[in-house]
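Residue-level structure breakdown
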Amino acid sequence: MNKATRKAVIAGNWKMNMTPSQTTALIEEMKPLVASADCEVVLCVPFVDIAAAIEAAKGSNIKIGAENVHFKASGAFTGEISADMLKETGVEYVVVGHSERRQYFGETDQTVNLRSLAAIKAGLKPIICVGETLEQRELGYTETLLKYQTKMALTNVSAEELKNVVIAYEPVWAIGTGVTATADQADEGNGYVRAAIAEAYGADVAETVTIQYGGSMNAGNAAELVSKVNVDGGLIGGASLKAADFSVIVKAASEQK
Ligand code: PEP
């Protein structure tokens, strides 16, 4: 398997945006625009929007995901949502370890791993985010850090389970900043992630894993980013809130196939 045969996934991350009624309206607008996609199209939405999103996406090629999942199955964890709860809503994907959760909500490599394991066990596909800060990049730690975060996130994940895991390389300095990594930087970062997977599981397995780039990907830069050999689609924040922009990104990934 290689770039041509790996599954490209374009996933929107709506963050803390959109009410349920806005969710319905945006997905209705998106549906015809992405209907002929030749890649996986996913929208990861706030918990309260999931029901509306699943209803609006019914019969279309849009898959719905959540933005986080707790690692415990149930219990006294006020405000948290378990993997089984998510599974029963009908979501297929869940973002795990987004840098905003690492930065503002105390997410660690260990909890990212536990959340990923909980998602996999429930039959959800985690989109696991890894990425370096600007300071880490400038100190020359990018490769070491990406490999460490990747291996930590995948601890106790089997090669078989890895088939349902997506990794998103998201340089923290590029998220929501309008500063995009160059296509070469994205390819290099994704390459480090793939190398870490190869070290842990072997090169053949690493070649099969979908690794997205995320960080200010938009309608103008998507085609160049997704053309890179290690970039299998994208995790899209701001541009996933605009149907026209998101559909251009989906088209760019589809044309890479
Ligand atoms: C994200 O939220 O994962 C992201 C990449 O955001 P943005 O595209 O807005 O930089």
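Residues numbered from 1 in each chain as written. Predicted model: local features only at pLDDT ≥ 70, side-chain atom pairs only at ≥ 80, totals over all residues. Heavy atoms only, no water.

1. Observations regarding the overall build of the protein chain
Summing up its helical and strand segments, the protein chain has 11 helices and eight strands in all. Taken against the 2.2 N^0.38 rule, which gives 18 Å for 257 residues, the C-alpha radius of gyration of the protein chain at 17 Å falls within 12% of a compact globule. Taken over the C-alpha atoms alone, the protein chain extends approximately 45 × 45 × 35 Å along its principal axes. With 257 residues in all, the protein chain has 53% of them scored as buried. Look at the contacts in the protein chain between residues 6 or more apart in sequence, and 74% of them connect residues 24 or more apart. Taken as a whole, the protein chain presents about 11100 Å² of accessible surface, with 54% of it coming from carbon and sulfur. Side-chain charges in the protein chain split into 23 positive and 31 negative, and the spacing between the mean points of these groups amounts to 3 Å. (Helix = DSSP H or I, 4+ residues; strand = E, 2+ residues; numbered from the N terminus. Rg over C-alpha atoms; globule rule 2.2 N^0.38 Å. Buried < 20%, exposed > 50% of the residue type's maximum accessible area, 1.4 Å probe, protein only. Contact = heavy atoms within 4.5 Å. Areas by Shrake-Rupley, 256 points an atom, 1.4 Å probe, with all protein chains shown as cover. Lys, Arg positive; Asp, Glu negative; His and termini not counted. Charge placed at Lys NZ, Arg CZ, Asp CG, Glu CD.)

2. Quick look at the site of the ligand
Taken together, 14 residues sit near the ligand, with K15, E170, G176, S216 and G237 positioned nearest. At 2.9 Å, a side-chain N or O of K15 approaches an oxygen atom of the ligand. Between the ligand and S216 there is a distance of 2.7 Å, counted from an oxygen atom to a backbone nitrogen or oxygen. Calculation on the ligand without its partners gives an accessible area of 290 Å², and the protein chains cover 96% of this total. Across the shell around the ligand, the residue classes tally to four nonpolar, eight polar and two charged. (Near = heavy atom within 4 Å. Polar contact = N/O pair within 3.5 Å; in protein donor to acceptor, adjacent residues only side chain to side chain. Nonpolar A, V, L, I, M, F, W, Y, C, P; charged D, E, K, R; others polar.)

3. Quick word on the state of the cysteines
One pass over the full model with this rule turns up zero disulfides. Free of any disulfide, C39 has its nearest neighbouring cysteine sulfur in C44, separated by 14 Å. Among the cysteines around C129, which has no disulfide bond, C44 carries the closest sulfur, lying 8.9 Å off. Owing to a relative accessible area of 2%, C129 belongs among the buried residues under this scheme. (Disulfide = S-S within 2.5 Å.)

4. Some thoughts on the pattern of salt bridges
Per the counting criterion, the structure on display carries 17 salt bridges. The salt bridge partner of K31 is E28, with a shortest N-O separation of 3.4 Å. Separated by three residues within a single helix, K31 and E28 lie in helix α1 (residues 20–34), roughly one turn from each other. In this structure K31 comes out as buried when scored by relative accessible area, which is 19%. Overall, E28 belongs to the partly exposed group, its relative accessible area being 40%. D232 serves as the salt-bridge partner of R194, at 2.9 Å between the closest nitrogen and oxygen. (Salt bridge = Lys/Arg side-chain N within 4 Å of Asp/Glu carboxyl O.)

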